[in-house]
Each structure stands twice: as structure tokens, then as C-alpha cells.
Amino acid sequence: MRSLLGGEYIPFGTQYYRAPSPAPSEWERDLATIARLGLNTVKFWIQWRWNTPGEDEYEFSDIDRLMGIADRNGLRVMLNTIVDVAPVWIYRKYPDASMVTLDGRRIGPQVQPHRQIGGLGLCFNHEPAVGHMMDFLRTSFRRYADHPALAMWNVGSEPELTSSMAELRLYAENAERMGDMLCYCHRCAAAFKVWLSKKYATVDALNRSWNRRYKDFDEVELPLTRNSFNDMIDWRMFFVHTLGENVRQRFAAAQEIDKGKHPLLCHHVFVQGFPVTSTASDPWNVGRFGDLHGITQMDDPMMCDVVRSCAQGRPVISAEMLMQYGYTLDLPHAATFDDVKRFVFTGVGANLKGFIFWQYRPETLAREAPAWGLTHLDGSETPMLKGFCEVNKVLQRNAGFLLDASPRPAEVALLYHPENQIFGWIATGNEKFVTDSLMGAHSAWYTDNFGVDFLHPGEISAGLLKRYKVIALPFPYVLGASLCVTLSDWVAEGGVLIAEAYCGGWDMENGRHHITIPGYGLHSVFKVRQHTALPPDHHGRVEIALTSDLPGLPRGTTLTGSLVRESYILEGAEAIAAYPDGAPAITHAEHGKGHAFAIGSYIARPVFRDKHTANAALLAALAGWKTSISRPRVTGDGKVRVDILTDARGAAMIIIRNLEVAAVRAQTTLPGLRPGRMTEQFSGATVEATHAGGETVMPLNLAPGEVQVFCG
């Protein structure tokens with residue numbers, strides 16, 4: 001990160017300009033104030049529609065002036081190149097440039113609360129229009145590549161298919177709105193057939209997957225319903241490819257013009273709110289590009305872990321930290337100092353190296369007004385802004401350490417599988433059934449102080465899996481043959497695999513359900529076969545009780561499953577939990593040097609949806625039962641998250657977050673650290689980390705929701 005920045009600092013600042021707000025009369029005062037407060041980075045938007053009012057007609061006077069003011073005040077600038085707002089002249093020159101919904105509506109150009117200048121709706125497969133988009137980018141890169149204030153380019157700012165048209169992504173949570181699905185224009189239909197011909201090579205291979213009898217690829221019909229799986233999965237994954245190709249072109253243009261003078265940022269949306277079914281957002285797809293990665297950060301640690309994982313060792317920053325989100329007459333609560341510390345140090349604990357708040361002044365345009373700001377409407381300072389600046393002082397004081405430091409590598413991982421996400425939507429009408437399962441599993445491990453990575457089927461290899469001791473597969477209906485072979489071999493070499501119901505149940509290669517569950521031969525790993533599969537009770541719950549003692553969970557503990565009640569025939573496994581009728585519900589088996597746990601329902605989802613603590617405790621217990629995972633262990637009442645960062649010199653930062661609404665007095669172990677005096681970075685108080693029972697331990701005394709940061 002230090003080499004990308006060209007200096008020793010943590011990028012810390014705020015989004016400032018999204019034309020036409022704030023007003024030009026405020027720029028000099030605001031940017032001088034931002035610099036006076038000690039913030040070092042501001043973000044300006046260059047927008048295709050705003051800065052290209054006519055074909056081959058560019059107007060950059062606003063950005064020119066802002067860059068000059070920033071330079072005079074010693075501020076570094078991130079330039080966002082925004083391409084989803086196509087100019088008026090594009091839609092006039094190309095009447096067919098708009099995307100088309102399944103129910104036949106052309107949806108562009110339109111306005112959204114966060115795209116107040118309009119222009120949304122351009123089809124990414126309209127090659128002539130996209131050519132103009134790339135001309136705009138090249139012109140922008142040429143104009144500012146040598147500007148002294150420029151610190152980095154945000155080349156891929158939240159790329160996703162619906163291009164910020166939030167209503168058009170909602171069908172992924174409610175299939176009754178499926179008529180909003182994009183895009184059914186003639187260009188996408190033709191490009192889809194070409195993509196299929198490259199994926200399958202022969203029409204016979206396509207027919208085997210889709211169970212059709214097409215004579216050639218020209219006969220392929222676009223999926224119009226969610227009544228079959230492989231055709232719709234291919235249709236949605238085609239747009240993942242389309243989006244990735246567009247982002248690839250953006251980065252190629254930046255590299256062509258900038259020639260490595262500035263780092264190129266790929267800024268991801270979060271999987272929790274941008275379902276791949278409707279938005280085509282797969283972080284690993286666009287994560288192939290860029291020198292560093294950014295996230296839109298909300299109050300959920302999972303996205304930090306997702307983007308850090310897909311960045312594959314490249315630095316990650318919070319490119320948009322959303323704390324004061326709201327709308328007209330739907331206003332945010334005032335954030336506290338601990339809220340600011342929680343957001344920032346959740347990111348620091350996940351190895352984020354910078355933070356850009358959204359945004360400096362409250363919005364004054366459209367329905368986002370008057371929310372989102374660090375300041376009052378008149379630009380005066382708020383307590384939140386003062387707290388933000390106090391956090392910045394701590395980060396800059398420790399910048400040299402933070403740029404070199406990292407958390408302990410994660411030893412547990414979750415599988416994110418985009419095709420499985422789409423399958424879940426087709427099966428249930430709501431992709432969140434799958435996403436919530438991921439979030440529940442992550443929450444179970446995260447709140448118990450495991451470091452958590454995410455895996456993607458496109459990157460999994462035997463070499464990658466060797467990094468992990470435990471892998472969990474929440475809602476694992478779609479896996480694929482190659483992945484299952486790799487997982488089987490990994491378990492045989494000593495891995496611990498945890499999987500929920502219908503593991504590998506869908507045969508992707510042949511477009512049909514497996515007869516033996518778990519599928520793809522995984523029954524020989526779990527040493528069980530599905531016996532019966534029944535629905536939950538009329539409350540939507542599946543009752544399960546432990547029949548064995550587990551670490552921290554006694555026999556008789558009640559668990560709650562969802563969606564399905566899958567019982568097992570034991571073929572070498574032991575039952576460790578049962579349904580009320582005694583049928584095996586959760587099993588354990590040894591496979592080679594490793595272990596496999598089969599769970600006959602979906603228990604991770606209730607952790608997220610219903611805060612089911614026993615389910616969370618089970619997932620944590622299974623992760624630590626048959627292998628040793630190094631992590632902080634907190635004793636005492638209440639949930640506390642402990643993150644430890646260290647550098648090569650042995651220096652450490654310990655981030656303590658009280659996850660409870662009550663005060664907590666407890667003690668934590670500090671694996672890998674030596675005893676010594678630790679100094680809290682905001683209060684200056686000191687605490688002694690001591691040696692006890694062969695471990696380094698540290699007392700904790702936390703107010704409700706408090707965040708403490710120690711260095712030593």
C-alpha cells in the first residue's frame with residue numbers, strides 16, 4: 001500500500017463533489033476546512049452526462065477548479081469516473097440504447113435519488129454507445145493524469161447491471177416482480193447466444209445441460225420464467241460476464257492513458273444489498289481488475305471480509321463509508337463517537353487501509369436530501385465530524401504500523417457461489433435465502449472471534465484450500481463436479497467440512513437433480529445418504545436437539561432449522577443431533593485425515609434472521625471441535641469482538657469492540673502476543689497484558705457498545 005500511495009499516510013477523508021452539489025460558492029471554504037481539520041483525501045465525481053453535454057463536447061471547468069483548490073490546500077484527490085449516467089445525446093443518437101425489461105419496458109433514461117442528473121438505463125451490450133463511454137473515460141484520464149492533486153482513480157465505481165436503479169433489483173427478493181428483469185433487448189439476446197456457443201462449444205453440450213433438443217445456437221430461447229434452473233442460471237451469469245467485460249474495458253483505458261502513474265481502484269458494491277441475480281454483481285468477477293479495492297461500507301463486517309478475500313492480497317479501503325444514510329423525512333439518527341470508531345475499526349481489524357466518508361455536506365438534491373452529511377446543512381461542524389477527525393489522528397499517528405501490519409491469516413472460510421445464489425432465487429423466489437445463510441454463518445464465527453475468509457468456485461484449487469482448516473457450505477445446493485472433487489481431497493488431507501442440507505443436490509453438468517444426496521459422491525465423505533426430506537412445521541421451523549456434548553454446548557441443546565428437514569441413513573457416520581422422532585439430523589464422519597459434518601436443515605439463516613444464539617454456538621463449536629483454530633478467546637458475560645494486527649517488528653494493535661448494549665467486564669487471550677503494557681489510543685489509559693496459564697491475557701472493561709484500541 002505504501003508504494004501505491006507514494007507516502008506514509010492512511011487515506012482518510014470524504015466524498016465532496018457530485019455535480020451539481022455542493023454549490024461552487026462553498027468550495028473554497030469547505031476544502032480549506034477539510035484540510036484544516038487534518039483530513040487528507042477528498043473524492044470528486046467526473047460524470048459522463050454532466051461533463052459531456054454534447055458529442056465530442058467536454059466541459060470540465062468544475063473539476064478543473066476543484067482540483068486546483070484541493071492542490072492549494074494540500075489535499076489528495078480520488079477521481080470517480082461515473083459512466084452509468086449516459087448523456088441525453090446518446091439516447092437521441094441511439095434510440096435503442098436503453099435496457100429492456102422482461103415485460104417489455106425501455107427503462108432509460110431515468111433519475112434516481114443518488115443520480116439526480118438522470119441518464120440511467122444504458123445497455124452494456126450496446127457497443128456503439130459503450131464506445132462513446134470509453135471515449136469519455138480516455139478524455140478524462142488524459143486531462144488529469146498529470147495533475148499534482150490526483151492520488152488515485154476510482155475506475156470501477158460500484159459496477160452493477162441495474163446501474164443504481166434500485167427498484168429494478170428488487171425482484172431478486174420477490175420473484176413476483178420478475179417482469180423487471182434486465183435486459184431483453186435484441187443486442188443482449190444475440191450476445192447471449194454467442195456467449196453460450198463459447199461456453200458450451202457444441203449445441204449437444206448445451207442440450208445436455210439444458211435438457212433441450214436445439215439444432216443450433218440460433219434456436220436458443222431466452223428464459224422467461226424461473227421454472228427451470230440451468231437456462232436461467234446461464235442467462236444471469238451471461239450478465240456477470242457482460243459486466244466484467246465492461247469493467248475490463250474501463251481499466252484497460254485507464255492503464256493505456258495513465259501508464260501506472262496512479263493506482264487504479266475497483267470499488268465494489270456489497271453482496272448483502274446487490275443480489276447477483278438482478279445486479280450481476282460478483283465481487284470476484286470485477287475483482288480481477290485494479291491495483292487496490294474499495295467497498296461501500298455499511299454496519300456489517302461481512303463485506304469487509306468478502307472484498308478482502310476477492311482482492312487476493314491487494315490493498316482494500318472503505319471507498320464509501322455510509323453512516324448517515326437517509327431520505328427526505330426519513331432521517332438518520334445522529335452517530336456517536338463509538339459509532340464512528342466501530343465503523344472505522346471494524347475495517348481496520350479486517351485490514352482496510354483507508355476510509356472515505358460519504359459525504360461531507362448533507363445532500364441538497366432529490367430524495368437523498370437532507371441526509372448523508374458529516375456537517376450541518378450550512379457546512380458547520382457536527383459532533384460526528386469532530387469524532388471522525390479524532391479517529392483520523394489515531395490512524396495517522398499509527399500510519400507506519402498500519403501500512404505494514406495485518407491480522408492473523410484466517411483459518412476458516414465460507415463458500416460464496418454466484419450460480420448457487422441464482423439457484424436459490426429460482427427455487428425460492430428470494431436470493432436472500434442464500435445470502436442470509438452466508439451472513440448467519442459469518443456472524444456465528446465472527447462474533448466468536450474467528451477470522452473468516454470467503455472462497456469462490458472460480459479460484460478454488462488444492463493449493464488455496466491448504467490455507468484453511470475449516471470450510472463451511474451454507475445452503476450448498478449448487479457446487480459442481482470439479483469443486484466437489486477438490487473438497488473431497490481436501491477433507492482426506494485433514495480438512496473439516498461443514499455442510500447444510502441438500503449438499504451438491506443439483507447436477508449442474510446435466511441439468512437435473514442428483515438421486516443420491518449429498519451429491520457428486522460427497523455421500524462417501526459425509527458417510528450418509530439422505531433418507532427423507534420433509535418441510536418445516538407450520539411456523540417454518542425445524543426442531544433439532546443435540547444428542548452428544550460439543551465444546552460449549554451440552555447434550556439436549558435445542559437448535560432451529562429452516563426450509564427443510566433432511567434425515568440421514570448412516571453409512572459410517574455418527575449422529576450428534578436428532579429430530580424429535582429420533583431420526584439423525586446432524587452427523588459427524590471421519591474421512592481420511594479429516595472430518596465432515598452434515599446438517600440436515602438450514603441453520604445458518606436463523607442466526608441472521610432470528611438471532612438464534614444456539615445455532616451460532618453450534619457453528620462455532622463444529623469449527624473448533626476437531627481442529628485447533630488460533631483466535632482470541634473471551635471469558636465473561638457478553639459478546640466482545642477482538643481483532644489483533646501485528647507487524648514484522650512485533651508491534652501490535654488490539655481492537656476491542658463490545659457487541660452488547662450492556663457493559664461488559666471480561667478477559668481475553670491474545671494469541672501470538674507477548675505480555676506487556678498496552679496503551680489505549682483515545683484515552684491514554686494503560687493496561688497490562690500478563691501471562692496466565694501459558695497464554696497472554698488482558699482484562700476488558702467496556703461500556704455498552706464501546707470501542708477501545710490498544711497499541712503496544
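Heads up: these notes are all about the structure in this document. (Residues numbered from 1 in each chain as written. Predicted model: local features only at pLDDT ≥ 70, side-chain atom pairs only at ≥ 80, totals over all residues. Heavy atoms only, no water.)

Looking now at the side chain of T101. By the secondary structure assignment, T101 is in the loop between α5 (88-93) and β4 (110-112). Judged by its relative accessible area of 0%, T101 falls in the buried class. Not counting chain neighbours up to four residues away, the residues in contact with T101 comprise I107, G179, D180, M181, L182 and Y184. (Helix = DSSP H or I, 4+ residues; strand = E, 2+ residues; numbered from the N terminus. Buried < 20%, exposed > 50% of the residue type's maximum accessible area, 1.4 Å probe, protein only. Contact = heavy atoms within 4.5 Å.)

Moving on to empty space enclosed by the protein. Counted under the stated rule, the structure contains 9 cavities of 30 Å³ or more. Quantified by volume, the largest cavity comes out at close to 110 Å³. Forming the boundary of the largest cavity are 13 residues, of which V83, D84, S157, E158 and R250 lie nearest the centre. In terms of residue class, the lining of the largest cavity is made up of 4 nonpolar, 4 polar and 5 charged. (1 Å grid on protein atoms, 1.4 Å probe; cavity = no way out; pocket = protein on both sides within 12 Å on 5 of 7 lines; lining within 4 Å. Points joined across faces, edges and corners; volume = space filled by probe spheres on them. Nonpolar A, V, L, I, M, F, W, Y, C, P; charged D, E, K, R; others polar.)

With that settled, the discussion passes to a negative patch on the surface. Together, D216, D218, E219 and E221 give the surface a local cluster of negative charge. Within the secondary structure layout, E219 lies in the loop between α8 (203-210) and α9 (230-258). Under the relative-accessibility criterion, E219 is labelled partly exposed at 35%. (Patch = residues over 30% accessible without salt bridge, like charges linked within 9 Å, V, L, I, M, F, W, Y side chains within 5 Å. Areas by Shrake-Rupley, 256 points an atom, 1.4 Å probe, with all protein chains shown as cover. Salt bridge = Lys/Arg side-chain N within 4 Å of Asp/Glu carboxyl O. Lys, Arg positive; Asp, Glu negative; His and termini not counted. Charge placed at Lys NZ, Arg CZ, Asp CG, Glu CD.)

This next bit is on helix α14 (residues 383-397). For α14, which comprises 15 residues, the first-to-last C-alpha distance of 21 Å matches the rise-based estimate of 21 Å (1.5 Å per residue) to within 8%. Among the residues of α14, those classed as buried are M384, L385, G387, F388, C389, V391, N392, V394 and L395. Residues of α14 that are buried sit in contact with β1 (12-17), β9 (316-322), α13 (337-349), β10 (352-358) and α15 (399-404). (Expected span 1.5 Å × (residues − 1).)

Quick look at the layout of surface pockets now. Quantified by volume, the largest pocket comes out at close to 1100 Å³. Lining the largest pocket are 41 residues, and of these S443, Y446, T447, K639 and L659 sit closest to its centre. Mapped onto the lining of the largest pocket, the elements with two or more residues apiece are α13, α17 (432-446), α21 (604-610), α22 (613-625) and β27 (652-658). The element best represented in the lining of the largest pocket is α22, accounting for 6 residues. Split into classes, the residues belonging to the lining of the largest pocket amount to 19 nonpolar, 12 polar and 10 charged. Lining the second largest pocket we find 46 residues, and of these R308, P407, R408, P409 and A410 sit closest to its centre. Sorting the residues of the lining of the second largest pocket by element identifies α12 (302-311), α13, β11 (406-407), β13 (452-455) and β26 (640-646) as the ones contributing at least two each. The leading source of residues in the lining of the second largest pocket is β26, at 5 residues.

Moving on, we come to the sheet that holds β27. Here we have 9 strands laid out as an open sheet, ordered β11-β26-β27-β32-β29-β30-β31-β28-β25, and antiparallel in their pairing. Each end of this open sheet is capped by a strand with a single partner; those strands are β11 and β25 (634-636). Inspection of the sheet shows β11 paired to β26 by 2 bridges, in the antiparallel sense. Note that in β26 the partner of P407 across the bridge is L645. This element, α13, spans β11, β26, β27 and β32 (707-711) of the sheet and lies at about 130° to β27. (Pairing = 2+ DSSP bridges. Axes fitted to C-alpha atoms, helices over the stretch in contact; angles between N-to-C directions.)

Turning to the nonpolar core, a few remarks are in order. Counting 244 residues, the largest nonpolar core has F44, F345 and W445 as its most contacted members. Of the residues forming this core, the biggest block, 13 residues, is contributed by α9. Setting aside residues no more than four positions away along its own chain, W445 makes contact with V412, A413, L414, F450, V452, V470, A472, I498, L619, A620, A623 and R641. In this structure, I656, A689, L700 and L702 belong to the second largest nonpolar core, which totals 17 residues. (Core = buried A, V, L, I, M, F, W, Y, C linked by side-chain atoms within 4.5 Å.)

Treat this as a map of the structure, not an account of what it does.
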